[in-house]
Amino acid sequence: MELQEYLRRLPQMDRFLSHPLFASVGRDGRLKEAAACELERLRDLLRRDEITQAQQLYRIDDAAQMEEILVRRTLMRLQEMERHGLRRVINGTGVALHTNLGRAPLAKEAVEAVQVAAGYSNLEYDLETGARGSRGSHIEPLLCRQFGCEDALAVNNNAAAILLALRAAAKGGEVLLSRGELVEIGDGFRIPEILAESGAVLVEVGTTNRTHLRDYLDAVTPRTAAILKVHTSNFKVVGFTSEVSVRELAAAATEKGLPLIVDLGSGAALPAQEYPFDGEPSVQQALADGADIVCFSGDKLLGGPQAGILLGKKRWMEPMRRCPLTRALRLDKLSIAALAATLELYGREGAAKTSLPVLESVCASEETLLRRAKRLQELVYAKTDRYQAELVRRKRPVGGGSAPGQLLDGWAVSFQAEGISAVELEQALRQGSVPVIGYLADKRFFLDVATIREEELEETACQLAQIQPKKS
Ligand SMILES: *Cc1c(COP(=O)(O)O)cnc(C)c1O
């Protein structure tokens, strides 16, 4: 049959929209938009002379069947257009703390806790007495026990934690901060700006690459209210550098009667030797070294929900509880539940490393990853012979401003197929029914298995098998 003949067979829009199956969805502009897209897709195939493919996908030889398929596809597209909110994706980037993909995935235990919190719960209710309870009671004792500190508070995120700490401890006063720590964290979050928002006045000490204890001491005046130390989490200054340790700063702060506030960023809650990288300051160490207040994120290395965790001495923490900002920055019930469940895993010997997806991914051995990469290769080969899947040793960053400049060893699978370029493959997988996010390097497409869970391998292979190569 002639191309023109096929094109003539496509249904007219008005008649198409009056199909009985569309009756229940309401014939509004969205339906028309979805229908126009589907019709155009088929028209495009025909114009490109892809008759075989058009026949396979749309049964164009049979007008009735073709119309039915077009109706079904239009309904599916409409559903797709009306799907709001977040979608699950498979993270094939190897970056465990991927800021764009939601940072830390929650442990199964935390997800279950969120389900409990989603309904009625004893959020602020004392089941023993029937009186009003405190939402802090679900988190604060766990934090104090885990980190061995006097007092603890959890707020919306680490930015909120810093804001609150500075507001409560230093509003109207001066805060000393090394010039090497005037950092921007990402998405426009800048320490000097947060400091200004808190109502404190920044006093810069030292230089970009070198700051000494005497720089701090020389800057102390009767107006000084606090000393702040910020972990430079997303970059590294190398070469002729020096910074003052928490221990030294804590001693100086105590002598001057000032609080030392330490923003740790990521918050490594396990002993340093448990991580396959160095340089991430440990929470326990900072407290042991004498920091008065430490703060860090709940959804970075800790592996929990978005939260800002404040730990420290009662004397400095108490004013934070009374600060009116605390209510505005408080943690919501779903995050409280997830954070409590996450902290409980830290309390159980060895459980954090096996149950928290972030730690599982970051700490996974090369053998584990090679085995996983082989499994993905096998699953893909079992479903289709379209790809050439090659196991490749790849380095991967931790992400989320943790261990900057350091790369972990791992394994990825690179996929190549006849008739589809690496760029097209990346896009097609990203736009699949379950989006799989990989990455391009050296003109090749890779899936790094460090962030793909064992139970996602099969699904990943299915998504790969579903991709139709474009005929050249
Ligand atoms: C990530 C980070 C923050 C911001 O934490 P959020 O939880 O994203 O608000 C602040 N300070 C440092 C050093 C960080 O690494």
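Residues numbered from 1 in each chain as written. Predicted model: local features only at pLDDT ≥ 70, side-chain atom pairs only at ≥ 80, totals over all residues. Heavy atoms only, no water.

### Examining the sheet that holds strand E14 (residues 439–441)
Taken together, the 4 strands give an open sheet; going across it, the order is E11-E12-E15-E14, and neighbouring strands pair in antiparallel fashion. The open sheet has two edge strands, strand E11 (387–396) and E14, and neither has a second partner. Averaged over neighbouring strand pairs, the angle between their axes works out to 40° when direction is ignored. The pairing of E11 with strand E12 (residues 408–417) spans 10 bridges and is antiparallel. By the bridge assignment for E12, Tyr 387 is matched with Ala 417. Packed onto the sheet, helix H19 (residues 422–430) meets E11, E12, E14 and strand E15 (444–448) and runs at close to 40° relative to E15. (Pairing = 2+ DSSP bridges. Helix = DSSP H or I, 4+ residues; strand = E, 2+ residues; numbered from the N terminus. Axes fitted to C-alpha atoms, helices over the stretch in contact; angles between N-to-C directions. Contact = heavy atoms within 4.5 Å.)

### Quick word on the pairing of strand E8 (residues 260–265)
E8 sits mainly inside the fold: 6 of its 6 residues count as buried. The two faces of E8 match: Leu 260, Val 262 and Leu 264 on one face and Ile 261, Asp 263 and Gly 265 on the other face are all buried. Following the backbone out of strand E7 (residues 224–230), through helix H11 (residues 246–256) and into the adjacent parallel E8, one traces a crossover that is right-handed. The pairing of E8 with strand E9 (residues 293–297) spans 4 bridges and is parallel. Across the sheet, Ile 261 pairs through a bridge with Ile 293, a residue of E9. Each parallel crossover has a hand, and the one from E8 via helix H12 (residues 283–288) to E9 is right-handed. (Buried < 20%, exposed > 50% of the residue type's maximum accessible area, 1.4 Å probe, protein only. Right-handed = clockwise from strand over helix to strand, strands pointing away.)

### A short note on the packing of helix H18 (residues 366–383) against helix H20 (residues 457–466)
Here H18 crosses H20 at 40°, and the two axes come no closer than 9 Å. In terms of orientation, H18 and H20 fall into the oblique class. For H18 against H20, the interelement crossing comes out right-handed. Contacts from Arg 372, Arg 375, Leu 376, Leu 379, Val 380 and Lys 383 of H18 reach H20 at Leu 457, Glu 458, Thr 460, Ala 461, Cys 462, Leu 464 and Ala 465. (Parallel < 35°, antiparallel > 145°, perpendicular 65-115°, else oblique. Left-handed = near helix turned anticlockwise from the far one by under 90°.)

### Some details on the site of the ligand
The immediate surroundings of the ligand are formed by 13 residues, with Arg 103, Ser 233, Asp 263, Ser 297 and Lys 300 found nearest. Contact between the ligand and Arg 103: an oxygen atom at 2.7 Å from a side-chain N or O atom of the residue. Here Lys 300 contributes a side-chain N or O atom positioned 2.8 Å from an oxygen atom of the ligand. Within the residue set of the shell around the ligand, elements represented by two or more residues are helix H8 (158–170) and E8. For the shell around the ligand, a count of residues per class yields 4 nonpolar, 6 polar and 3 charged. (Near = heavy atom within 4 Å. Polar contact = N/O pair within 3.5 Å; in protein donor to acceptor, adjacent residues only side chain to side chain. Nonpolar A, V, L, I, M, F, W, Y, C, P; charged D, E, K, R; others polar.)

### What to know about the domain arrangement of the chain
Looking at the chain, the domain boundaries give domain 1 (3–82), domain 2 (90–99 + 360–466) and domain 3 (107–355). On a C-alpha basis, the centres of domain 1 and domain 2 stand 35 Å from each other. (Domains from an automatic or database assignment.)

### Some thoughts on helix H7 (residues 140–147)
At 3.6 residues per turn, the α-helix brings residues three or four places apart onto the same side. Across the 8 residues of H7, 6 count as buried, placing the element largely inside the fold. What H7 keeps buried is the set Glu 140, Leu 142, Leu 143, Cys 144, Gln 146 and Phe 147. Looking at the residues trailing H7, positive phi occurs at Gly 148, about 65°.

### Quick word on the sheet that holds strand E10 (residues 308–312)
Adjacent strands of a sheet pair through backbone hydrogen bonds, lying either parallel or antiparallel. Ordered in space as E2-E10-E9-E8-E7-E3-E6, the 7 strands form an open sheet in which the pairing is mixed. Two strands bound the open sheet, and with one partner strand each, they are strand E2 (151–155) and strand E6 (201–205). Averaged over neighbouring strand pairs, the angle between their axes works out to 20° when direction is ignored. Looking at chain direction, E9 and E10 are connected through 5 bridges and run antiparallel. Along E10, the bridge assignment pairs Cys 295 with Leu 310. Here H7 sits on the sheet and contacts E2, E9 and E10; the angle it forms with E2, its principal contact strand, is near 125°. Strands E2, E9 and E10 of the sheet are contacted by helix H13 (residues 314–322), whose axis makes an angle of about 35° with E2.

### With respect to the pattern of salt bridges
In the structure shown here, the tally under the stated rule is 36 salt bridges. Glu 456 is the partner of Arg 88 in a salt bridge, and the nearest nitrogen-oxygen pair spans 3.8 Å. Separated by 368 residues along the polypeptide, Arg 88 in the loop between helix H5 (63–81) and strand E1 (90–91) and Glu 456 in the loop between E15 and H20 bring together distant segments of the chain. Owing to a relative accessible area of 46%, Arg 88 belongs among the partly exposed residues under this scheme. Overall, the relative accessible area of 14% leaves Glu 456 in the buried class. In this structure, Glu 124 engages Arg 132 in a salt bridge whose closest nitrogen and oxygen atoms are separated by 2.7 Å. Note on Arg 132: relative accessible area 69%, which makes it exposed. Taken together, the shared-partner salt bridges connect Glu 124, Arg 132, Arg 135 and Arg 330 into one network. (Salt bridge = Lys/Arg side-chain N within 4 Å of Asp/Glu carboxyl O.)

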